[in-house]
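Next come the chains, spelled out residue by residue.
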Amino acid sequence: TVMRTLYKQRLIIPNMELLRTPIESKAYEELLRGRFSISLARQWDINHTKKIIKDLINSHEYVVEKEKTEIIIEDFNVRWYQITVYYYFDPRKKKLEFTINNDIKLQIQKVLEENNIKFSYPRQVREVEAS
């Protein structure tokens, strides 16, 4: 059997393998978990920032089961926090996770700028000796 992925790639799957393996179609699932990560500068109060982000995500029209929205600190150092956001959405409403993530990230950027909270990114410092 030849199947095509979302990215238009063709996959050849042996028929016996296809019969033995359950196929999950995202278009017919009732609930999927979306996820994305962002980096925030560390000088801001993380609990306040997490509350702002969580409220914003839960106000999005395609996010469902809002009580299950989670924000987890994945990594941090002296300068930044790396947070990962988990939320649930209904794919039957014809909205892709990528599109929802884009919408939410743009809204987060706008709200954080209004609250004077800056994004950050992992930095590397290299020292070069003059020869």
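It should be emphasised that the depicted structure is a prediction, and the values quoted were computed from it without experimental measurement.

Colleague: Looking at this structure, I do not really get the overall build of the protein chain. What am I missing?
Modeller: A tally of helices and strands in the protein chain yields 3 helices and 6 strands. When the helices and strands of the protein chain are read in sequence order from the N terminus, they spell out β-β-α-β-α-β-β-β-α. Within the span of the protein chain, comprising 131 residues, buried residues form 28% of the whole. Expressed as a percentage of contacts within the protein chain between residues at least 6 apart in sequence, the contacts between residues at least 24 apart total 66%. Summed over all atoms, the accessible surface of the protein chain reaches about 10100 Å², with 51% contributed by carbon and sulfur.

Colleague: Could you clarify how one ought to interpret the pairing of strand E5 (residues 70-76) in this entry?
Modeller: Two faces belong to every sheet, and in a regular strand the side chains alternate between them. Note: E5 against strand E6 (residues 80-89), 6 bridges, orientation antiparallel. Counterpart to Asp75 in the pairing with E6 is Gln82. Between E5 and E6, which pair antiparallel one after the other, the connecting turn spans 3 residues.

Colleague: Can you help me understand helix H3 (residues 97-114) in this one?
Modeller: Given 3.6 residues to a turn, an α-helix orients residues that are three or four positions apart in the same direction. With 18 residues, H3 extends 26 Å from end C-alpha to end C-alpha; this agrees with the ideal 26 Å at 1.5 Å per step. The complete set of buried residues in H3 reads Ile100, Asn101, Ile104, Ile108 and Leu112. Relative to the axis of H3, the buried residues are bounded by an arc of 95° and lie together on one face. Turned more than 90 degrees off the buried face of H3, the exposed positions are Phe98, Leu106, Lys110, Glu113 and Glu114. The secondary structure elements touched by the buried residues of H3 are strand E3 (32-41), helix H2 (46-58), strand E4 (63-64) and E6. Once H3 finishes, Asn116 follows within two positions and takes phi at roughly 55°, a positive value.

Colleague: In this structure, what is going on with the pairing of E6? I would like to understand it.
Modeller: Summarising burial for E6: 9 of the 10 residues are buried, a large majority. In the sheet, E3 pairs with E6 via 10 bridges, with the strands oriented antiparallel. Paired with Arg35 across the bridge in E6 is Tyr86. Relative to E6, E4 runs antiparallel, the two being bridged by 2 bridges. Along E6, the bridge assignment pairs Val63 with Phe89.

Colleague: Sorry if this is basic, but what is going on with H2 here?
Modeller: In this model H2 runs 18 Å from its N-terminal to its C-terminal C-alpha over 13 residues, within 8% of the 18 Å that 1.5 Å per residue would give. Taken together, the buried positions of H2 are occupied by Ile46, Thr49, Ile52, Ile53, Leu56, Ile57 and Asn58. In the core, the buried residues of H2 are packed alongside E3, E4, E5, E6 and H3. Sitting at the head of H2, Asp45 places a side-chain oxygen 3.4 Å from the backbone nitrogen of Asn47.

Colleague: Where do I start with the pattern of salt bridges in this structure?
Modeller: Opposite charge on two side chains allows them to pair when their charged atoms are near. Applying the stated criterion to the full structure yields 3 salt bridges. Put simply, Glu65 and Lys68 hold a salt bridge, and the shortest N to O gap is 2.9 Å. In this structure Glu65 comes out as partly exposed when scored by relative accessible area, which is 31%.

Criteria and cut-off values
Residues numbered from 1 in each chain as written. Predicted model: local features only at pLDDT ≥ 70, side-chain atom pairs only at ≥ 80, totals over all residues. Heavy atoms only, no water. Helix = DSSP H or I, 4+ residues; strand = E, 2+ residues; numbered from the N terminus. Buried < 20%, exposed > 50% of the residue type's maximum accessible area, 1.4 Å probe, protein only. Contact = heavy atoms within 4.5 Å. Areas by Shrake-Rupley, 256 points an atom, 1.4 Å probe, with all protein chains shown as cover. Pairing = 2+ DSSP bridges. Expected span 1.5 Å × (residues − 1). Arc of directions from axis to C-beta. Polar contact = N/O pair within 3.5 Å; in protein donor to acceptor, adjacent residues only side chain to side chain. Salt bridge = Lys/Arg side-chain N within 4 Å of Asp/Glu carboxyl O.

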